[in-house]
Amino acid sequence: MAQERILWYFADPMCSWCWGFTPAISAIKESYSDRLKIALMLGGLRPGTTEPVTPIFRKETLHHWQDVHKMTGQPFAFEGAMPEGFVYDTEPASRAVIAVAGINPEATFPYFKSVQAAFYTQGQDVTQTGTLAELAAQHNIDKPRFLERFESEDVKHKTRAHFRITREAGVRGFPTIVLQAESGRKLLTNGCRPLEELRPELEAWLAETA
C-alpha cells in the first residue's frame, strides 16, 4: 500500500514572499494534487500586532516588496500601500482563510490567493472584517455565514493552533514547504525558490516514497 504523502505549505496571506511564491505553489497544486495531499498551514507572520506601522517600517517593507517584485515578477501596488494608521496584524486574514476552509475546503487556496491579491495589488485593508467578508462573497460564500464562522471561538482556536503547530515544527520563515510521508519528513524549501529548482527535488522525493 502506498504511503500517504502530504505537502505542508506554511504561509501567511500578508507575507510578501508568499505572494511572490504564488505562481509556484499554484503550479505545484496543478501538477501534483493527484499524487499527494497539499495542505495549507497558516503560519502567523505578525499576529496580534496593535501598533500602527511607522514610516521606517513602511519604507523597509516596501523595499522588501520591490525585491519580491524583481525576483518573481509578481505585481504590487506600491503607491498608497500601508497608509498612515495601518496596523499590520496578520491574524484576521489568517483566521478568515480558516473560516472559509471550514465552509468550503475547495475554496481554501483560491480564497487565500484572493486575500493576497487584494492586499498587494489592490491596496485593500485585509485586516478589516468587512473586506474579508466581501472577498469571501466572491467565492460564493454567504457573508452572514462567513461572519458567524469568522467570529466563532472554534475558528479563533483553530487559528491559534495553526500558529502553534508552525512554531512547534520549527518553521521560522515563509513560505516553507515540508514534505511528509510515513518514512518521515523532508524540508523542500524555507523561502521563495523558483519552481524549476523545486521540481526535481519534489520528483525525487515522490519516487523515493512511492
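So, how was this worked out
- Residues numbered from 1 in each chain as written.
- Predicted model: local features only at pLDDT ≥ 70, side-chain atom pairs only at ≥ 80, totals over all residues.
- Heavy atoms only, no water.
- 1 Å grid on protein atoms, 1.4 Å probe; cavity = no way out; pocket = protein on both sides within 12 Å on 5 of 7 lines; lining within 4 Å.
- Points joined across faces, edges and corners; volume = space filled by probe spheres on them.
- Helix = DSSP H or I, 4+ residues; strand = E, 2+ residues; numbered from the N terminus.
- Polar contact = N/O pair within 3.5 Å; in protein donor to acceptor, adjacent residues only side chain to side chain.
- Contact = heavy atoms within 4.5 Å.
- Axes fitted to C-alpha atoms, helices over the stretch in contact; angles between N-to-C directions.
- Left-handed = near helix turned anticlockwise from the far one by under 90°.
- Nonpolar A, V, L, I, M, F, W, Y, C, P; charged D, E, K, R; others polar.
- Salt bridge = Lys/Arg side-chain N within 4 Å of Asp/Glu carboxyl O.
- Buried < 20%, exposed > 50% of the residue type's maximum accessible area, 1.4 Å probe, protein only.
- Pairing = 2+ DSSP bridges.

## Some points on the layout of surface pockets
Alright, step 1. Space inside the largest pocket adds up to approximately 390 Å³.
Alright, step 2. Taken together, the elements giving at least two residues each to the lining of the largest pocket come down to β2 (37–42), α3 (91–103), α4 (108–121) and α7 (153–168).
Alright, step 3. Counted as a void, the second largest pocket has a volume near 220 Å³.
Alright, step 4. Surrounding the second largest pocket, 14 residues form its lining, S16, L45, T61, H64 and Y88 being those nearest its centre.
Alright, step 5. Secondary-structure elements contributing two or more residues to the lining of the second largest pocket are α1 (16–32) and α2 (55–72).

## Here's the deal with the side chain of T108
Alright, step 1. Inspection of the secondary structure puts T108 in helix α4.
Alright, step 2. A polar contact of 2.7 Å, which involves the side chain of T108, links it to the backbone oxygen of P105.
Alright, step 3. With sequence-adjacent residues up to four places away left out, T108 is seen in contact with L40, V97 and A101.

## Digging into the packing of α1 against helix α8 (residues 195–208)
Alright, step 1. Remark: α1 packs on α8, axes separated minimally by 11 Å, with the N-to-C direction vectors making an angle of 30 degrees. As for how α1 packs across α8, the hand of that crossing is right-handed. Note on element contacts: α8 touches α1 through L195, L198, R199, L202, E203 and L206, opposite F21, A24, A27, I28, S31 and Y32.
Alright, step 2. Residue composition of the contact of α1 with α8, by class: nine nonpolar, one polar and two charged.

## Some remarks on the pattern of salt bridges
A side chain with one charge can pair with a side chain of the opposite charge if their charged atoms come near.
Alright, step 1. Evaluated as defined, the whole model comprises 10 salt bridges.
Alright, step 2. For R193, the salt bridge is made with E197, and the minimal N-O distance between the two is 3.1 Å.
Alright, step 3. On the basis of relative accessibility, which here comes to 24%, the residue R193 falls in the partly exposed class.
Alright, step 4. Overall, E197 belongs to the partly exposed group, its relative accessible area being 39%.
Alright, step 5. Shared partners join several salt bridges into a network, and the residues in it are E91, R95 and E151.

## A closer look at the sheet that holds strand β4 (residues 184–190)
Alright, step 1. Overall, mixed pairing links the four strands, which are arranged β2-β1-β3-β4 in an open sheet. For this open sheet the edge positions go to β2 and β4, each flanked by a neighbour on one side alone. The mean angle between the axes of side-by-side strands here comes to 20 degrees, regardless of whether they run parallel or antiparallel.
Alright, step 2. In the sheet, strand β1 (residues 6–11) pairs with β2 via six bridges, with the strands oriented parallel. Bridge assignment links I6 to a residue of β2, and that residue is K37.
Alright, step 3. Seen against the sheet, α4 touches β1 and β2 and runs at an angle of roughly 40 degrees to β2.

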